[in-house]
Amino acid sequence: MMKCNEQVINMLPVTIRRRVRWLECDPAGVVFTGVFADYVISAVELFYEVLLGQPSQQAKQAHGFGTPTRGLTFDFRRSLKPDEIFDLTITVHEIHSRTYVLDITGRTLNDEIVFSSKLTPVCIALDERRSIDIPPTFRSALQQYQCQSQTITKENE
């Protein structure tokens, strides 16, 4: 039995398990398209928490940066219904000077792909709301995670 709506079930790669809530669905009983953005953003916030070792907003505040979304894309393969449980797995696709690209894949418990998404945040200085280079500590954490998750993926192939 799932006790909460979402939980981290794997640390490498970071995998979040979610249950679809009835209020996230339209009258036909499938998840509203816009809700998928919430699933992705929520999963990425948990990813940051794993990566930085403390709640994401607290960690970013301590380092003086934010990560608003610059781009978000989806490729949908199937719908989700109320009470359906699915997993979101997050990998680091690319790291640039001020932005990075995260791949988020949603899968059923039977490993059927529900959607794939790319989220591109941009690092900003919180006090000035201008783009900045990815802070060194955060860049290092992203690079380390990217390297470790690629190694795990290759071992599982």
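See the structure shown above.
Residues numbered from 1 in each chain as written. Predicted model: local features only at pLDDT ≥ 70, side-chain atom pairs only at ≥ 80, totals over all residues. Heavy atoms only, no water.

## Some remarks on the overall build of the chain
Inference 1: Counting its regular elements, the chain contains 3 helices and 9 strands.
Inference 2: Reading the helices (α) and strands (β) of the chain from amino to carboxyl end gives β-β-α-α-β-β-β-β-β-β-β-α.
Inference 3: Computed over C-alpha atoms, the radius of gyration of the chain comes to 16 Å, within 12% of the 15 Å expected from 2.2 N^0.38 for 157 residues, which places it in the range of a compact globule.
Inference 4: C-alpha atoms of the chain, sized along the principal axes, occupy 45 × 40 × 30 Å.
Inference 5: In the chain, which comprises 157 residues, the share counted as buried stands at 41%.
Inference 6: A fraction of 62% describes how many contacts in the chain between residues 6 or more apart in sequence connect residues 24 or more apart.
Inference 7: A total of about 8600 Å² of accessible surface is found on the chain, and carbon and sulfur atoms cover 49% of it. (Helix = DSSP H or I, 4+ residues; strand = E, 2+ residues; numbered from the N terminus. Rg over C-alpha atoms; globule rule 2.2 N^0.38 Å. Buried < 20%, exposed > 50% of the residue type's maximum accessible area, 1.4 Å probe, protein only. Contact = heavy atoms within 4.5 Å. Areas by Shrake-Rupley, 256 points an atom, 1.4 Å probe, with all protein chains shown as cover.)

## What about the sheet that holds strand β9 (residues 130–131)?
Backbone-to-backbone hydrogen bonds pair the strands of a sheet. The strands run either parallel or antiparallel.
Inference 1: Taken together, 3 strands build an open sheet; the order of strands is β3-β8-β9 and the sheet is antiparallel. Each having just a single partner strand, β3 (65–66) and β9 make up the two edges of the open sheet.
Inference 2: Note: β3 against strand β8 (residues 124–125), 2 bridges, orientation antiparallel. If you follow F65 over to β8, its bridge partner there is A125. (Pairing = 2+ DSSP bridges.)

## So, the sheet that holds strand β4 (residues 69–76)
Inference 1: On the basis of which strands lie adjacent, the open sheet formed by 6 strands has the order β1-β2-β5-β6-β7-β4 and antiparallel pairing. Either end of the sheet is taken by a strand with one partner, and the two such strands are β1 (6–11) and β4. Looking at each pair of strands side by side, their axes are set apart by 20° on average, direction ignored.
Inference 2: Bridge analysis of β4 against strand β7 (residues 113–121) gives 7 bridges, and the strand direction is antiparallel. (Axes fitted to C-alpha atoms, helices over the stretch in contact; angles between N-to-C directions.)

## Here we look at the side chain of T105
Inference 1: The residue T105 is located in strand β6 (residues 100–108) in this model.
Inference 2: Residue contacts for T105: discarding those within four places in its chain leaves D87, L88, T89, I113, F115 and S116.

## Description of the pattern of salt bridges
Inference 1: Within the structure shown, the criterion is met by 12 salt bridges.
Inference 2: The residue R18 makes a salt bridge to E6 at a minimum N-O spacing of 2.9 Å. With R18 in strand β2 (residues 14–19) and E6 in strand β1, this pair connects stretches of sequence that are 12 residues apart.
Inference 3: With a shortest N-O distance of 3.4 Å, E112 and R78 are connected by a salt bridge. Separated by 34 residues along the polypeptide, E112 in the loop between β6 and β7 and R78 in the loop between β4 and β5 (85–95) bring together distant segments of the chain.
Inference 4: Given a relative accessible area of 27%, R78 falls into the partly exposed group.
Inference 5: Through salt bridges that share partners, E6, R18, R21 and E24 make up one connected network. (Salt bridge = Lys/Arg side-chain N within 4 Å of Asp/Glu carboxyl O.)

Coordinates in, geometry out; function isn't part of it.
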